[in-house]
Amino acid sequence: MAGIYIHIPFCKRRCIYCDFFSTTCSEKIPTYVDALCKELDIRKDYADEEIETIYFGGGTPSQLSIDELENIFHHIYNIYKVKEDAEITLEANPDDLTSDYVEQLRRLPVNRLSMGIQTFHEETLRLLHRRHSASQAIEAYHRCREAGFHNISIDLMYGLPGETLDRWENDLRQALELRPEHISAYHLIYEEGTALWKLKEEHQVEEADEDVSLQFFSTLIERLTEAGYQHYEISNFSLPGLHSRHNSSYWLGKKYIGCGPSAHSYNGTSRQWNIASLDAYISNMENGEPCFEVEELDLYTRYNDFIITRIRNALLDCFYNGFTTAVVELNEHIMRKIVSEQLFATEARERWRNKEVYFVPHRTYKEDYFTVRGELEVPLSLPEKTQSLHETTIPCTR
């Protein structure tokens, strides 16, 4: 099974922390949708599998009209074989979710909404340049419920400028009152080149220190698990059986097709990513010549990717996942070493659940990292690159 990611790079205005590829040139949306549909046609043989998830991310996908979304769905369903029970997610800003928009959205195949709320603190929403207020977010959520959406995820952020533990507790309390099926909670990252980075450089805002961040993170875990949510991935929580199937496919090594500027794809043996330019993307697609880069993945790279992604989630209890034969063929000694240290897949995961070892998100300027804290020996790569860890920093995927 495979997934499709559709990048919608348009925003009414940019949030001060965002470094994802996006633009405020909304007048280019119609031309972009045409180019996107051409890419969907050109890429139809990339994964060559039935589609089980479709995810509209951004940017702000809810900036598209219902007709534009309908056009994209028409192309997807005409070109690809989509499972009847496919998970189809649309990211949305609360202020876009008007009564009329939500009612029309229900007529499309969308069966899961991901709302970017971030915080219920009004002053912080204004600081971040979010377009909605706390009351608008709550009203939009209830509007979606009343329209018949039964699978809603909300995004929260912590480590925000001036945030206290009481404020974070209040955000969590408000989120739990809504009782969404899924909650994603991310630590704020100060990305170089963003308006937020500039504010920090000018000493107008301060980054949360690591001890405070750990307190926010541990409180997040405690409050949500107490409320019945499963902590199935570093930054993600869901009610039983309602984890994000699309995002989980990234962590579980499934194939996916990424369409749109800067979108990434993976077919099991290589990664590729589209050019991060709206004008160049549209021009190339109009000429039927996609512009992208490709990275072929050798066994070591795929193994390391496997470890990095699996260490983030609690969905998989199998350590080997297809690497057994390949590793044995390379070197029996390697296999014996991995087997002797396979406690990583069982004991380490259990110790995470029991809070004996924490995976702590880091705020860095170029990449997102987390740290493993605890007395634990784990293999992170094939033996010549193996490390014994007591406190180790590992790149994260988002």
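Everything below is about the structure shown above.
Description of the structure in this document. All figures in this text were calculated on a predicted structure; none of them were measured in a lab. (Residues numbered from 1 in each chain as written. Predicted model: local features only at pLDDT ≥ 70, side-chain atom pairs only at ≥ 80, totals over all residues. Heavy atoms only, no water.)

1. Points about the nonpolar core
The test is simple: In these notes, a set of buried Ala, Val, Leu, Ile, Met, Phe, Trp, Tyr and Cys residues joined through side-chain atoms within 4.5 Å is what counts as a nonpolar core. Relative accessible area decides the class of each residue, using a 1.4 Å probe on protein chains only: under 20% of the type maximum gives buried, over 50% gives exposed, and in between gives partly exposed. Per the convention used, a helix needs a DSSP run of H or I reaching at least four residues, while a strand needs a run of E reaching at least two, with both numbered from the N terminus. It only takes one pair of heavy atoms within 4.5 Å for two residues to be counted as in contact.
Core analysis: the largest hydrophobic core is formed by 72 residues, its most contacted members being I72 and L105. The element contributing the most residues to this core is helix α1 (residues 29–42), with seven residues. Other than its neighbours up to four places away in sequence, I72 contacts I8, V33, L36, C37, L40, F56 and L64. Core analysis: the next-biggest nonpolar cluster, separate from the first, contains 13 residues, C18, L128, M157 and V205 among them.

2. With respect to unusual backbone geometry
Of note, the bond from G58 into G59 is cis; its omega dihedral lies within 30 degrees of zero at 10°. Backbone geometry places R179, a non-glycine residue, at a positive phi of 60°. Along the chain, R179 falls in the loop between α6 (165–178) and β6 (182–187).

3. A few points about the side chain of H187
Short version of the rule: Here a polar contact is taken to be a pair of N or O atoms separated by no more than 3.5 Å, where protein atoms must pair a possible hydrogen donor with a possible acceptor and residues adjacent in sequence count only if both atoms sit in side chains.
With respect to the secondary-structure elements, H187 resides in strand β6. Judged by its relative accessible area of 8%, H187 falls in the buried class. At a separation of 2.7 Å, a polar atom in the side chain of H187 contacts the side chain of S213.

4. Structural notes on the environment of L220
Examined against the element boundaries, L220 turns out to sit in helix α8 (residues 210–226). For L220, a relative accessible area of 0% translates into the label buried. When the C-alpha atoms of L220 and F237 are compared, they prove to be 9.8 Å apart, with 17 residues separating the residues in sequence. Here L220 is in contact with Y158, W168, L172, A185 and F237, once residues within four sequence places are set aside.

5. Looking at the packing of α1 against helix α10 (residues 278–286)
Stated precisely, the cut-off is as follows: Throughout, an axis means a line fitted to C-alpha atoms (over the contacting stretch in the case of helices), and angles, computed between N-to-C directions, take values from 0 to 180 degrees. Angle categories: roughly parallel below 35 degrees, roughly antiparallel above 145, roughly perpendicular from 65 to 115, and oblique for all the rest. For a crossing to be left-handed, the near helix must be turned anticlockwise from the far one by less than a right angle; the clockwise case is right-handed. Each residue gets one of three labels, nonpolar for Ala, Val, Leu, Ile, Met, Phe, Trp, Tyr, Cys and Pro, charged for Asp, Glu, Lys and Arg, and polar for the others, Gly among them.
Relative to each other, α1 and α10 sit at 55°, their axes nearing to 9 Å. It follows from the interaxial angle that α1 and α10 lie oblique. Crossing of α1 against α10: the hand is left-handed. Contacts from T31, Y32, A35, L36, K38, E39 and I42 in α1 reach L278, Y281, I282, M285 and E286 in α10. Classifying every residue of the contact of α1 with α10 by side-chain character gives eight nonpolar, one polar and three charged.

6. Looking at the pairing of strand β1 (residues 2–8)
This is how it is decided: Paired strands, as defined in this entry, are two strands with at least two bridges between them according to DSSP. Handedness rule for crossovers: strands pointing away from the viewer, path from the first strand over the helix to the second running clockwise, crossover right-handed.
Where burial is concerned, most of β1 is hidden: seven out of the seven residues are buried. Taking every second residue as pointing to the same face, both faces of β1 are buried, with A2, I4, I6 and I8 on one and G3, Y5 and H7 on the other. Strand direction decides the pairing type here: β1 and strand β9 (residues 255–259), joined by five bridges, are parallel. When the bridges of β9 are listed, I4 appears paired with I257. Bridge count between β1 and strand β2 (residues 51–58): seven bridges; the pairing is parallel. Counted as the bridge partner of I6 is F56 from β2. Note on the crossover from β1 through α1 to β2: the handedness is right-handed.

7. Quick word on α1
Selection criterion: Expected helix span is taken as 1.5 Å per residue step, with the number of steps being one fewer than the number of residues.
The end-to-end C-alpha distance of α1, which contains 14 residues, comes to 20 Å, matching closely the 20 Å that a straight helix rising 1.5 Å per residue would cover. Those residues of α1 not exposed but buried are I29, Y32, V33, A35, L36, C37, E39 and L40. Against β1, α2 (66–79), β9, β11 (270–274) and α10 lie the buried residues of α1.

8. Concerning the packing of α6 against α8
The contact between α6 and α8 brings their axes to 11 Å, and the two run at 25°. Viewed along their axes, α6 and α8 adopt a mutual orientation that is roughly parallel. Where α6 crosses over α8, the two elements pack in a sense that is right-handed. From α6, L165, W168, E169, L172 and L176 reach across to α8, where they touch Q215, F216, T219, L220, R223 and L224. Residue composition of the contact of α6 with α8, grouped by class: seven nonpolar, two polar and two charged.

9. Some points on the environment of F149
Relative to the elements of secondary structure, F149 occurs in the loop between α5 (134–147) and β5 (152–158). On the accessibility criterion, F149 (0% relative accessible area) is buried. Sequence-wise, F149 and V102 are 47 residues apart; in three dimensions their C-alpha atoms are separated by 9.2 Å.

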